Amino acid sequence: MTAPTSRPVLGIALEPFGWHPAAFAEVGADPLEATSAEHWVGLARSAEAAAADLVTFEDSFSLTARDRLTGRFDATLLAARVAPAVSRVGLVPTVTATHTEPFHASKAIATLDYVSGGRAGVLPATTGATADAALFGRKQPQDAESRAAEAREYVEVLRDLWDSWEDDAIVKDVATGRFIDRDRLHYIDFQGENFSVKGPSITPRPPQGRPPVIVRVTDDATETVAADADLAIVPAAPEAELEDTARRLRAAGVARLLVDVTVHLADSERTAIRRIEKLDRREPADDDTLVFAGTGESLARVVAGWQALGFDGARLRPGVNAVDLPRIRAAFAPLLPGAPREGTLREILGLGAAVNRFATVRGA
């Protein structure tokens, strides 16, 4: 196999202390640190220093094994707090599409895009948990297909609302006292099975026009949502399975694909496996993807292999932040070809300019 010469797209998934549920005990950290903005700024800066192109922030209505000792910030608000503290990396919060309104999410992500100077993205997720449905009391838990259909509508509304302001809608005409050109604001008039939204947004069109939509594929239903996304994240799996998934998603028109993998890095595979065994003795991990244990050099070879299968790179989930983030920076990132990308998140991902569907050629 010929090693790819292009630099892989690199995402790093941030969790309070790492993706292993016992990560907090491994480093002897104070669980209250995870409710400190400075803690998250430090994580984002570490990821940026480790050559990440983007970082993702998890979110859910219920606490997980990784955050039950600390609680959890709203991911979009957290990303907005972190944004001014990092200069290059893209910021992608998780937004739970089930039980929430896309109008509110659209303006929050648009605001994040302004705060970050065009580096925002969004990762829509769904939930079928009975406890989550009870928090809202609006409807019963939905099956996977119903949640996926709702999420597809959600993404459509997000994009329509971002387009509801044309780029030159703000005129600031002192002579006439006009701040906006009302002809450049548009009702989206969306009517679907789950949402009815008239619009326009109350936030001007984001700097990127349409911040990238990123979807994690976990089953057939979420794969249908990913077909409408700019980037899909696929759990690490055997090569033949990954190759088939990549082929289907490319055929559906998904521009960028990443492999999702939990990583435990050490000077040798044996040492990394022992670290995992030690963590598991305290609390076993229930990973929803394959787990990598080894050196930075072997991880670089694995990522290059995924590129050869048709993927653009990987999203790394550090097993223990305090151990694995520094090793990603020192032992993995220097092995990647080229330099980290800069610009808006759309530019970092190599996506074209977002065309506003409402814009028309004036004066024609």
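Our subject is the structure listed above.
This write-up is about the structure you can find in this document. On a predicted model such as this, the values are computed, not experimentally measured, just so you know. (Residues numbered from 1 in each chain as written. Predicted model: local features only at pLDDT ≥ 70, side-chain atom pairs only at ≥ 80, totals over all residues. Heavy atoms only, no water.)

1. Digging into the nonpolar core
Generally speaking, a soluble globular protein has its nonpolar side chains buried in company with each other.
Okay, step 1: Formed by 74 residues in total, the largest nonpolar core has its most connected members in Phe57 and Trp306.
Okay, step 2: Here tryptophan 306 is in contact with Ala236, Leu242, Val259, Val261, Phe311 and Ala314, once residues within four sequence places are set aside.
Okay, step 3: Val92, Leu231, Ile233 and Leu349 belong to the second largest nonpolar core, which has twelve residues in total. (Core = buried A, V, L, I, M, F, W, Y, C linked by side-chain atoms within 4.5 Å. Buried < 20%, exposed > 50% of the residue type's maximum accessible area, 1.4 Å probe, protein only. Contact = heavy atoms within 4.5 Å.)

2. A few points about empty space enclosed by the protein
Okay, step 1: This structure, assessed with the given rule, holds three cavities of 30 Å³ or more.
Okay, step 2: By volume, the largest cavity is sized at about 100 Å³.
Okay, step 3: Here the residues of the lining of the largest cavity sort into seven nonpolar, three polar and three charged.
Okay, step 4: Volume-wise, the second largest cavity comes out at about 80 Å³.
Okay, step 5: Lining the second largest cavity are Pro16, Ala34, Thr35, Trp40, Phe57, Glu58, Asp67, Gly71, Arg72, Phe73, Ala75 and Leu78.
Okay, step 6: Residues of the lining of the second largest cavity, tallied by class, amount to seven nonpolar, two polar and three charged. (1 Å grid on protein atoms, 1.4 Å probe; cavity = no way out; pocket = protein on both sides within 12 Å on 5 of 7 lines; lining within 4 Å. Points joined across faces, edges and corners; volume = space filled by probe spheres on them. Nonpolar A, V, L, I, M, F, W, Y, C, P; charged D, E, K, R; others polar.)

3. Some details on unusual backbone geometry
Okay, step 1: The linkage connecting glycine 199 with the following residue, proline 200, adopts the cis geometry, with an omega of -5 degrees.
Okay, step 2: Looking at where proline 200 falls in the secondary structure, it is placed in the loop between β8 (196–197) and β9 (214–216).
Okay, step 3: One non-glycine residue, lysine 172, lies in the positive phi region at around 50 degrees.
Okay, step 4: Following the sequence through the fold, lysine 172 ends up in strand β5 (residues 170–173).
Okay, step 5: A relative accessible area of 59% means that lysine 172 is categorised as exposed.
Okay, step 6: Positive phi, close to 50 degrees, is recorded for aspartate 189, a residue that is not glycine.
Okay, step 7: Within the element layout of this structure, aspartate 189 appears in the loop between β6 (178–180) and β7 (190–191).
Okay, step 8: By relative accessible area, which is 51% here, aspartate 189 ends up exposed. (Helix = DSSP H or I, 4+ residues; strand = E, 2+ residues; numbered from the N terminus.)

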